[in-house]
Amino acid sequence: MNDTAQWNRSESPGSEPSGSGEGLRKSSGSKRGGGDPASRGRTTIADGVVEKIAGLAAREVLGVHAMGSGFSRTLGAVRDRVPGGRSNVTRGVKAEVGEVQTALDIEIVVDYGVSIAAVARAVRENVVSAVERMTGLEVVEVNIAVSDVKLPDEEEEEPEPRLQ
């Protein structure tokens, strides 16, 4: 029961309430529900939501060629080729979400010739900014693993088509 709202029963002592709510009335002078409406209830954010936001934010950084390990990218390429399949924006991103904080692990492939340290710093800044702005969660860490470098003359890792 909220301290600011006091309820009085109109029934006599010992009688059971009718269940319709008619036996309850609010004392005068207090606000309905008590407190700020924005603070009533709880908001939870799924790990997948944070992973999507972080994945999109990381892909925006110049020098990030792809996300995830070679195996996950190969599986993603297969999934992308299937009719009705959609690209997986969470590939290469793992989030742990608490009530007020989140931590992220991101695996990227960088383009050859870029400064890996500069790309990692830019990814970290962009991800922290996007996640904190959109979710209100505090990002406590963004761990970045660079799993590969995309060479200019390298072909994309796409599986051979089964049908010709």
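Since the model is a prediction, treat every value here as computed from it, not as a measurement.

Regarding the confidence of the model for the chain
Detailed reading of the predicted coordinates is not advisable wherever pLDDT falls low. Model confidence for the chain is summarised by a mean pLDDT of 78, while 63% of its residues fall at 70 or above. In the predicted structure, residues 1-19 sits below a pLDDT of 50 and forms 29 contacts with residues beyond four places in sequence or in another chain.

Concerning the layout of surface pockets
In this model, the second largest pocket occupies a volume close to 190 Å³. Surrounding the second largest pocket, Arg-42, Thr-43, Thr-44, Ile-45, Val-97, Gly-98, Glu-99, Val-100, Thr-135, Gly-136 and Leu-137 form its lining. Looking at the lining of the second largest pocket, its residues break down into four nonpolar, five polar and two charged.

Regarding the nonpolar core
Formed by 24 residues in total, the largest nonpolar core has its most connected members in Leu-104, Ile-106, Ile-108, Val-123, Val-127 and Val-131. Sorting the residues of this core by element identifies helix H1 (47-59), strand S3 (64-67), strand S4 (93-97), strand S5 (101-111), helix H3 (116-135) and strand S6 (138-150) as the ones contributing at least two each. Of the residues forming this core, the biggest block, six residues, is contributed by H3. When neighbours within four sequence positions are excluded, Leu-104 is seen to be in contact with Val-50, Ala-54, Val-93, Lys-94, Ala-95, Val-127, Val-131, Val-139, Glu-141, Val-142 and Asn-143.

A few points about the pairing of S4
Working note: regular strand, side chains alternate between the two faces of the sheet. Here five bridges tie S4 to S5, and the two strands are oriented antiparallel to one another. Counterpart to Ala-95 in the pairing with S5 is Leu-104. What sits between the antiparallel neighbours S4 and S5 is a turn of three residues.

Things to note about H1
Across its 13 residues, H1 extends 18 Å between first and last C-alpha, which sits within 8% of the 18 Å expected from 1.5 Å per residue. Those residues of H1 that sit buried are Val-50, Glu-51, Ile-53, Ala-54, Gly-55, Ala-57 and Ala-58.

Things to note about the pairing of S5
Where S3 meets S5, three bridges bridge the pair, whose relative direction is antiparallel. Note that in S5 the partner of Ala-66 across the bridge is Val-109. When S5 meets S6, the two strands line up parallel, connected through eleven bridges. Counterpart to Gln-101 in the pairing with S6 is Glu-138.

Rules behind the numbers
Residues numbered from 1 in each chain as written. Predicted model: local features only at pLDDT ≥ 70, side-chain atom pairs only at ≥ 80, totals over all residues. Heavy atoms only, no water. pLDDT = per-residue confidence, 0-100. Contact = heavy atoms within 4.5 Å. 1 Å grid on protein atoms, 1.4 Å probe; cavity = no way out; pocket = protein on both sides within 12 Å on 5 of 7 lines; lining within 4 Å. Points joined across faces, edges and corners; volume = space filled by probe spheres on them. Nonpolar A, V, L, I, M, F, W, Y, C, P; charged D, E, K, R; others polar. Core = buried A, V, L, I, M, F, W, Y, C linked by side-chain atoms within 4.5 Å. Buried < 20%, exposed > 50% of the residue type's maximum accessible area, 1.4 Å probe, protein only. Helix = DSSP H or I, 4+ residues; strand = E, 2+ residues; numbered from the N terminus. Pairing = 2+ DSSP bridges. Expected span 1.5 Å × (residues − 1).

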